[in-house]
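Coordinate analysis (summary)
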Amino acid sequence: MDPQVQQIKDRINIVEVVGQYVTLKRAGRSYSARCPFHKERTPSFHVSPERGTYICFGCGEKGDVFSFIQKMDGLDFPTALKQLAEKAGVKLEPRRQRPPEEKEKEERLREVCEAAVKFFESQLAAKKDVQEYLKNRGVKAETVNTWRLGYAPAEWESLCRHLVSTGFTKDEVVEAGFAVRSEKKPGEIFDRFRGRIIFPIFDVAGIPIAVSGRFFEKVPGSHDDTEPAKYVNSPETLLFKKSRVLYGLDRARGSIRKADCILLVEGQFDLIMAHQSGLPFAVALSGTALTPEHLSLLGRLSKRLVLALDADAAGLRSGLKSAHMALVEGFDVKVPAFPQGQDPADVAKENPELLKAAVRTSKTAVEFFLDALRPGARDERAYKKIVEAQVLPLIAAIGSRIEQEHFVRLVAQKLGVSDMAVRAEVEKRPQPADTASSPEVHQVDAKLVLTPVEKKVGMLLFGWPGYEPKLAALLGGGELEEMRKRLAPAAEELRHYFDKEVHEETTAQIVAEDMFLQVAATVSRAKMKSV
């Protein structure tokens, strides 16, 4: 193991780290809680402070403090390493595996992003008409400051000139996504964002890595008569990967865990107005459709998703696709209804309580789309065709057969057809994979399908090694060694099982002695039967 990683593990108390995400209760030598990785009523998640590891006997998730932080916060290993090193007070030495020039380039691009955001902030502070526009949209001054909103001047080179004058190269400005190379003037660059309200996009640590610009005004004297794009986003860069970044996630993570709910909105204004309205568990997409990577990040925080869609045809189309994708991944998906022509930001401006009420009274995705798709059908037969094509796949994507049955009956009643007809059409569609047979869960279950003797021997071997000589004398050295090899893949589970047996009114030594006596009695009975 890397010495730096081991040093951090030695200094970090995994119970303190995990305890920031779930409520842990002492359970003998370990701590238990309801698993943060899947829904459950009875705690099956255990943390061992002695070994610095965790395991869930329900879903099979296990690991150490690094894997826990990575899964909960959606971090890669280097980021988790850096955060835990700071917490542990360990100074990280440069890792040789990564070329120094690459790390230096990444840091340099972060500096460009920070300098650009500061420039945009200063421009907004001097732009009264943009400030007035934001005020009329219902955005408070505190929200402007919190989210570091800015303004890109309606000029061709203002940001480029500023950044170059402060010491950044033209290549760095382009690679950070803030400038475009000129085709007419080789070697020259011009601003990507012009005449736009700027929404900085942050990584999980709250550091700006990109921006999204909402159109406000054209560059004076521009001869381009085409309608400008409403939003322009940073291109993919070394720092910014659209499929992995969610706007506002850096601020929403804690609130999502606390509420056990995610509010997913489509635009930057929707996002900041949701937070301003008292819905801090909201996040937004950043210039791309919902992706499996997004759902993977969100699924580590909560499996309850509320899709706040724009109330138009495009919103319905994207919502259907997002809902289906989320249902396949095991999310409980709901959708709030907004007045025709209004998006979440409009509702929040009118009355924040209306937005809260809409989210609170959201319908299941199936119920919402059953109602929302009706006005677009020319007659009853057309409506049935639409439901068959667009709603039944949502039901088929639901993992619970009981839930499926509920919605089959609902659709049958709505369409005036038999349950059997709807069920037959649902079964024609791809069904979600059975998670119980997934490689990871199946592997864990298979390890734990042991005879009582094998389980107790394994618990002693890996949970209380002091009894190994007694076990060798009882079973024979060769047989014990064979058993050790076979049980080795389940060593961590068996250690945690041993810890579960230790309670406040007993000790590990007493538990081990009782366990050994039980093994000895079973072995003795088996020998007697064979005589």
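These notes cover the structure that comes with them. (Residues numbered from 1 in each chain as written. Predicted model: local features only at pLDDT ≥ 70, side-chain atom pairs only at ≥ 80, totals over all residues. Heavy atoms only, no water.)

Here we take up the side chain of Q268. As for its placement among the helices and strands, Q268 is situated in helix α11 (residues 268-276). Q268 gets classed as buried once you look at its relative accessible area, which sits at 4%. For Q268, the side chain forms a polar contact with the side chain of S212, separated by 3.4 Å. Those residues in contact with Q268 that sit more than four places away from it in its chain are F199, S212, Y231, N233, Y247 and L285. (Helix = DSSP H or I, 4+ residues; strand = E, 2+ residues; numbered from the N terminus. Buried < 20%, exposed > 50% of the residue type's maximum accessible area, 1.4 Å probe, protein only. Polar contact = N/O pair within 3.5 Å; in protein donor to acceptor, adjacent residues only side chain to side chain. Contact = heavy atoms within 4.5 Å.)

Attention shifts here to the sheet that holds strand β14 (residues 282-285). Taken in spatial order, the 6 strands line up as β12-β14-β13-β15-β16-β17 in an open sheet, and their pairing is mixed. Of all strands in the sheet, those bounded by a partner on one side alone are β12 (246-247) and β17 (363-364). In terms of strand pairing, strand β16 (residues 332-335) meets β17 through 2 bridges, oriented antiparallel. Looking at β17, one finds that V335 is bridged to K363. (Pairing = 2+ DSSP bridges.)

Two faces belong to every sheet, and in a regular strand the side chains alternate between them. The buried fraction of strand β10 (residues 208-215) amounts to 7 of the 8 residues, a majority that puts the element mostly inside the structure. Pairing analysis gives 7 bridges linking strand β9 (residues 196-202) to β10, with the strands arranged antiparallel. For I198, the partnering residue across the bridge sits in β10 and is G213. A loop of 5 residues connects β9 with β10, the two strands running antiparallel in sequence, and G206 in this loop sits at a positive phi of about 85°. Direction of pairing for β10 relative to strand β11 (residues 231-233): antiparallel, over a ladder of 3 bridges. Paired with R214 across the two strands is Y231, which belongs to β11.

Attention shifts here to the environment of R51. Looking at the element boundaries, R51 is found in the loop between β3 (45-48) and β4 (53-56). Taking C-alpha positions, R51 is 21 Å from K485, a pair spaced 434 residues apart along the chain. If we skip the residues at most four places from it in the chain, R51 touches E492, R495, H496 and D499.

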